[in-house]
Amino acid sequence: DVKVTQSSRYLVKRTGEKVFLECVQDMDHENMFWYRQDPGLGLRLIYFSYDVKMKEKGDIPEGYSVSREKKERFSLILESASTNQTSMYLCASWSGLGNTIYFGEGSWLTVV
Amino acid sequence: GQQVMQIPQYQHVQEGEDFTTYCNSSTTLSNIQWYKQRPGGHPVFLIQLVKSGEVKKQKRLTFQFGEAKKNSSLHITATQTTDVGTYFCAGRPPMDSNYQLIWGAGTKLIIKP
């Protein structure tokens with residue numbers, strides 16, 4: 001059974017804090033993604049990675065960075081959290097064209 | 001830029017009524033995928049459509065891909081409470097080498113008591 005695991009389900013952080021969201025997949029997929037989901041806006045791509053140490057900006061990369069040091073792990077970093085980054089963050093993993101994308105359970109981040 | 005418009009944003013139905021959500025792309029798509037997200041959950045893959053004019057069925061769910069491969073629909077017959085959730089379409093532009101799916105904003109299905 002495929003698995004995408006996000007380390008934190010619910011987090012509350014203060015403005016200006018550095019935040020790490022971790023994602024691990026056990027399917028040996030090359031491609032991993034970070035999305036944020038906000039009501040009425042659907043899924044918006046923040047960053048994606050198609051190989052270890054490779055990353056590309058998605059639609060809304062500002063205020064975020066990512067790290068892919070190992071194939072199975074893709075981390076999203078908020079260098080200095082702000083209240084407008086309060087959202088639900090979804091990690092996803094994918095083996096390639098024509099195949100299904102698998103999502104993690106989501107991480108609900110509140111920045112106060 | 002490329003967009004996939006999904007309508008309606010919300011749909012309230014009585015249990016037993018039908019439900020339909022539509023996606024329209026600004027560009028021709030190579031394929032389109034549909035996902036369901038239950039309240040508090042994460043998106044789960046339902047189906048992928050690839051061919052022009054393709055129609056696929058999963059029990060009470062019917063998925064269609066338009067002849068021009070720019071629009072798609074999901075129709076649920078006789079909704080049940082287990083159908084509650086948000087339905088997303090995600091389209092892949094042809095010749096796209098950056099692996100990105102373009103997501104619709106989702107349609108939330110609400111069953112009226």
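Residues numbered from 1 in each chain as written. Chains lettered and ligands numbered in written order. Predicted model: local features only at pLDDT ≥ 70, side-chain atom pairs only at ≥ 80, totals over all residues. Heavy atoms only, no water.

Chemist: Can you lay out the pattern of salt bridges for me, pointing to particular residues and giving the numbers?
Modeler: Residues and elements named next belong to chain A. Per the stated rule, a full pass over the model turns up nine salt bridges over all chains. The residue arginine 73 makes a salt bridge to glutamate 22 at a minimum N-O spacing of 3.8 Å. With a gap of 51 residues between them, arginine 73 in strand S8 (residues 73-78) and glutamate 22 in strand S3 (residues 19-25) connect regions that are remote in the sequence. We classify arginine 73 as partly exposed; its relative accessible area is 37%. Linking aspartate 28 and lysine 71 is a salt bridge whose minimum nitrogen-to-oxygen distance equals 3.1 Å. On the criterion of sequence distance, the pair formed by aspartate 28 in the loop between S3 and strand S4 (31-38) and lysine 71 in the loop between strand S7 (65-70) and S8 is long-range, its members being 43 residues apart. For aspartate 28, a relative accessible area of 54% corresponds to the exposed category. Linked through salt bridges whose partners overlap, the residues forming this network are Asp28, Glu30 and Lys71. (Salt bridge = Lys/Arg side-chain N within 4 Å of Asp/Glu carboxyl O. Helix = DSSP H or I, 4+ residues; strand = E, 2+ residues; numbered from the N terminus. Buried < 20%, exposed > 50% of the residue type's maximum accessible area, 1.4 Å probe, protein only.)

Chemist: Before we move on, can you summarise the interface of chain A and chain B with the specific residues and values?
Modeler: Many structure descriptions define interface size as the accessible area lost when the parts assemble. Counting residues at the interface gives 26 residues for chain A, matched by 19 residues for chain B. Carbon and sulfur atoms make up 58% of the surface buried where chain A meets chain B, a total of about 1800 Å² over both sides. Our enumeration of links across chain A and chain B arrives at zero salt bridges. Summed over the shared surface of chain A and chain B, the number is four residue pairs in polar contact (both at pLDDT 80 or more). Mapped onto the side of chain A that touches chain B, the elements with two or more residues apiece are S4, strand S5 (42-51), strand S6 (54-57), strand S9 (87-94) and strand S10 (101-103) of chain A. (Contact = heavy atoms within 4.5 Å. Buried area = accessible area lost by both parts, 1.4 Å probe. Polar contact = N/O pair within 3.5 Å; in protein donor to acceptor, adjacent residues only side chain to side chain.)

Chemist: Give a description of the pairing of strand S1 (residues 4-7) of chain B that names residues and reports values.
Modeler: Residue and element names in this part refer to chain B. The two faces of S1 differ: Val4 and Gln6 on one face are buried, but Met5 and Ile7 on the other face are not. Taken together, the four bridges between S1 and strand S3 (residues 19-25) define a ladder with antiparallel strand orientation. Each residue of the ladder has a partner; that of valine 4, found in S3, is serine 25. (Pairing = 2+ DSSP bridges.)

Chemist: Account for the sheet that holds S7 of chain A, naming residues and giving values.
Modeler: Residues and elements named next belong to chain A. Spatial ordering of the open sheet is given by S1-S3-S8-S7, a layout of four strands whose pairing is antiparallel. Two strands in the sheet have a free side with no partner beyond their single neighbour: strand S1 (4-6) and S7. When the angles between neighbouring strand axes are averaged without regard to direction, this sheet yields 20 degrees. As paired elements, S1 and S3 share three bridges and run antiparallel to each other. (Axes fitted to C-alpha atoms, helices over the stretch in contact; angles between N-to-C directions.)

Chemist: Can you break down the side chain of glutamine 25 of chain A residue by residue, with the values?
Modeler: Residues and elements named next belong to chain A. Turning to its location among the elements, glutamine 25 is positioned in strand S3. In terms of polar contacts, glutamine 25 uses its side chain to reach the backbone amide nitrogen of aspartate 28, at 3.1 Å. Here lysine 71 takes part through its backbone oxygen, which lies 3.4 Å from a polar atom of the side chain of glutamine 25. Every residue in contact with glutamine 25, bar those within four places of it in the chain, is listed here: Lys3, Val4, Met32, Arg68, Lys71, Glu72 and Ser93.

Chemist: Which residues make up the environment of threonine 100 of chain A, and what values go with them?
Modeler: Residue position: threonine 100 of chain A is located in the loop between S9 and S10. Between the alpha carbons of threonine 100 of chain A and glutamate 30 of chain A there is a distance of 13 Å; along the sequence they are 70 residues apart. Ignoring sequence-local partners within four residues, the contact set of threonine 100 of chain A consists of Ser93 and Trp94 of chain A together with Tyr35 and Phe45 of chain B.

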